[in-house]
Amino acid sequence: MPDLIEPSLPTPGAGRGLSFRPEWLVALAIVVIGSALWWPVGNWYRGHLLTDERRQLADESTIFSERLGFAIERRLALLEGVRAFVLHEPDAHQGNLDHFDDFAGNLLARTSGIRAISLAPGGVLGDIYPRDGNQVALGHDLQHDSRPEIRQSIDAAIASRHTILNGPFPLILGGEGLVARLAVFEGEKFWGLVNLVMDFPTVLREAEFDRIPTTMRLALRNPRGEVVFGTAPVFAGTPVISRLPFEVPGWELGALPAAGWDALIAGRLLLFRLAGMGGVSLLALTAFLALRYQSSLTREVRLRTASLAGELAARRVSEASLAESHRSLQAFLDAIPETALLMDRGGGILAANRTFRERFGPGSDAVINANYFALLPPELAVDRKLMVDEVLRSGQAVRFEDQRGKRLLANHIHPVLDAGGAVAQMAVLSLDITERRQLEGQLRHTQKLDAIGTLAAGVSHEFNNILTAIIGQASLLEMKLPPDSPLLVHAEMILKSADRAAKLTTALRAFSRQQVTAPVCIDLNELSRHLDVAFGALLGSKTRLVFELSEGPLLVQVDTGLVQQALLSLAANARDAMPQGGTLTITTRRISLDDQFTESHGGGAPGYYALLEVTDTGTGIAPDHLARIFEPFFSTKEVGTGTGLGLSNALGIIRQQHGFLTCSSAPGVGTTFNILLPLVAGDLRPHSGRT
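The paragraphs below set out a description of the structure included in this document. (Residues numbered from 1 in each chain as written. Predicted model: local features only at pLDDT ≥ 70, side-chain atom pairs only at ≥ 80, totals over all residues. Heavy atoms only, no water.)

**Looking at the overall build of the chain**
When its secondary structure is counted, the chain shows 16 helices and 21 strands. When burial is assessed residue by residue, the chain has 38% of its 691 residues classed as buried. Of the roughly 38600 Å² of accessible surface on the chain, 59% is carried by carbon and sulfur atoms. (Helix = DSSP H or I, 4+ residues; strand = E, 2+ residues; numbered from the N terminus. Buried < 20%, exposed > 50% of the residue type's maximum accessible area, 1.4 Å probe, protein only. Areas by Shrake-Rupley, 256 points an atom, 1.4 Å probe, with all protein chains shown as cover.)

In structure tokens:
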């Protein structure tokens, strides 16, 4: 394609003898600048190598320092034993130490390198072991020695009451020795000094100073700064210094490489500098070749740029369309109030609505592209994986329920098919059906009670007809029998049993809401106040009765006698739940009921109601019994102690007054019965009472 070939650009400087191409200039600049920058890097590397060598030499010299310190410390410990010997001798204050030779001889026999042990009561050498060759030192006053360093060490030992180590000194019997001194006090009174002379060469041999490597030079100096082993030039250089680890401070061991520091690192430093310069040269060559190659690519890039610009414009249009589709899908998902998401075959989350994102991280989009199974607890993830595998295998939707704490969820996994009919993706929807199931349960319970009430009404009607015949025949029999007839007792028993059965039918009619009522308009607070006397006699002295009534009146249209009968049934139930006594609280207030409550409790008109709470502190009701407490003839009491009609009778009475009776309880926390009665039309206005 000759029409696309561009003419070559003239090189700067062409036609003037020499021409400097850009690649040459760049390569030269890299060499110059790299060389200038590498020199300080080499100096840094030199310091790094020296630091490593000093650390290694410090580790090696520390071994000798610790050996020497241990050898000296082991012998210094003998002074404490000598001081203890002096303090335990009964005539030590008079200078009478008859057992000293035996004690000192035993110490020298067990410890090598000890040349002499001496005692100096009052600072004057009074006894020494061994005496052979050392008698000339007896009677010497150490505190008035002509040598200043001796006097200073004596004063320091007395003032500090710690061991003082000096030397090495020339010994009377030849050789050099270290002299250790320790002051002895009887209470606060100065008794004198105990002294120990250790053979310096023996101590050095024990610390293996005769095995110092040829690559290392060691020197030892005392607290006075005198070099007592090795040569002074070691400390004149830049040695590694370690302190001897024993009680007496100031003793230092210096170490230097035998060939000097620079000789240790010369080879490595040279290789480092050569490697750096080689790297700079390689970088310059690479830059030169890259620039040469770049010039050959420039024309090709220009051609490709034009074609890519068109492709990029088309891609931007596609991406904008895809982004708009994604926003529409996300808006649709976020509009769903329940959890909804779209995932691939492996569980990767492709899209999720706001409810799902907030559940797994409030305000976070981190769940997108995450794995759905990784967000679930392990045991739940296994179950979900089985459900997903079933959808992938069958291509059919899977529906199941899931209990999470107190919430019940209905889950749906729907397959999303591709053009070929295979499952490509899956849509997951979770619906919270907790309230719906609760309403269904309450409705079933209400329907069951209604059915029981219908049955009770029929049974009580037929049973009442039978009782009428029984009572009539028994009454005729009682009238015709003479007063002294033995059959008269049986007739009376028949009449008493029939009367009890009649009361039973009356309770059944109350439960079925078929008894005759005489409603009147009354303030529920006034009705509650009149319960004080009746409840007091029923509950007994062990139970405290508390009233918490609303400030404003609560007008209701009810049969006063029937409502009091229902309240007495609740009070009797509370009394039986508190055999050891307790507190029964009567509370009234005004509340508002919505459609959901009335529909779930058998129907009724929503609006304002008067609430009367009867709360006891008794034993409470077990959950499996709580669902059946309003059923006729259901009782948790012992056989013969109750009919099981008290609460069912109370429920029938309250429902006959167009109200509601509910119960809440738990074992060990007491029981609360709520009586809800509709307020009359004139009392539906808001007022200042508690609501």
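**Brief notes about the side chain of threonine 588**
Counting through the fold element by element, threonine 588 comes out in strand β18 (residues 582-593). A distance of 2.7 Å separates a polar atom in the side chain of threonine 588 from a polar atom in the side chain of asparagine 525. There is a polar contact of 3.0 Å between the side chain of threonine 588 and the backbone nitrogen of serine 550. (Polar contact = N/O pair within 3.5 Å; in protein donor to acceptor, adjacent residues only side chain to side chain.)

**With respect to a nonpolar patch on the surface**
A surface patch of nonpolar side chains, about 410 Å² in accessible area, is lined by Leu28, Val32, Ile33 and Leu37. Summarising the element assignment, leucine 37 is placed in helix α1 (residues 22-88). Relative accessible area serves as the criterion here: at 54%, leucine 37 is assigned to the exposed category. (Patch = residues over 30% accessible without salt bridge, like charges linked within 9 Å, V, L, I, M, F, W, Y side chains within 5 Å. Salt bridge = Lys/Arg side-chain N within 4 Å of Asp/Glu carboxyl O.)

**A word on unusual backbone geometry**
The omega angle of the peptide bond from tyrosine 129 to proline 130 is 0°, so this bond is cis rather than trans. Note on placement: proline 130 falls in the loop between β2 (127-129) and α3 (148-160). Of note in the backbone geometry, arginine 161 takes a positive phi value of approximately 60° without being a glycine. Within the secondary structure, arginine 161 sits in the loop between α3 and β3 (164-170). In this model, glutamate 208 sits at a positive phi of 60°, which is unusual for a non-glycine residue. The residue glutamate 208 is located in the loop between α4 (200-206) and β6 (216-221) in this model. Its relative accessible area of 27% is what places glutamate 208 among the partly exposed residues.

**Overview of the sheet that holds strand β1 (residues 114-121)**
The five strands are arranged β2-β1-β5-β4-β3 in an open sheet whose pairing can be described as antiparallel. Of all strands in the sheet, those with a lone pairing partner are β2 and β3, marking the two edges. Strand after strand, the sheet turns through a mean of 20° between neighbouring axes, direction not considered. Sheet topology note: the β3/strand β4 (residues 176-186) ladder contains five bridges and is antiparallel. If you follow isoleucine 164 over to β4, its bridge partner there is arginine 181. Against the sheet, α3 engages β3, β4 and β5 (189-199), with an angle of about 40° to β4. (Pairing = 2+ DSSP bridges. Axes fitted to C-alpha atoms, helices over the stretch in contact; angles between N-to-C directions. Contact = heavy atoms within 4.5 Å.)

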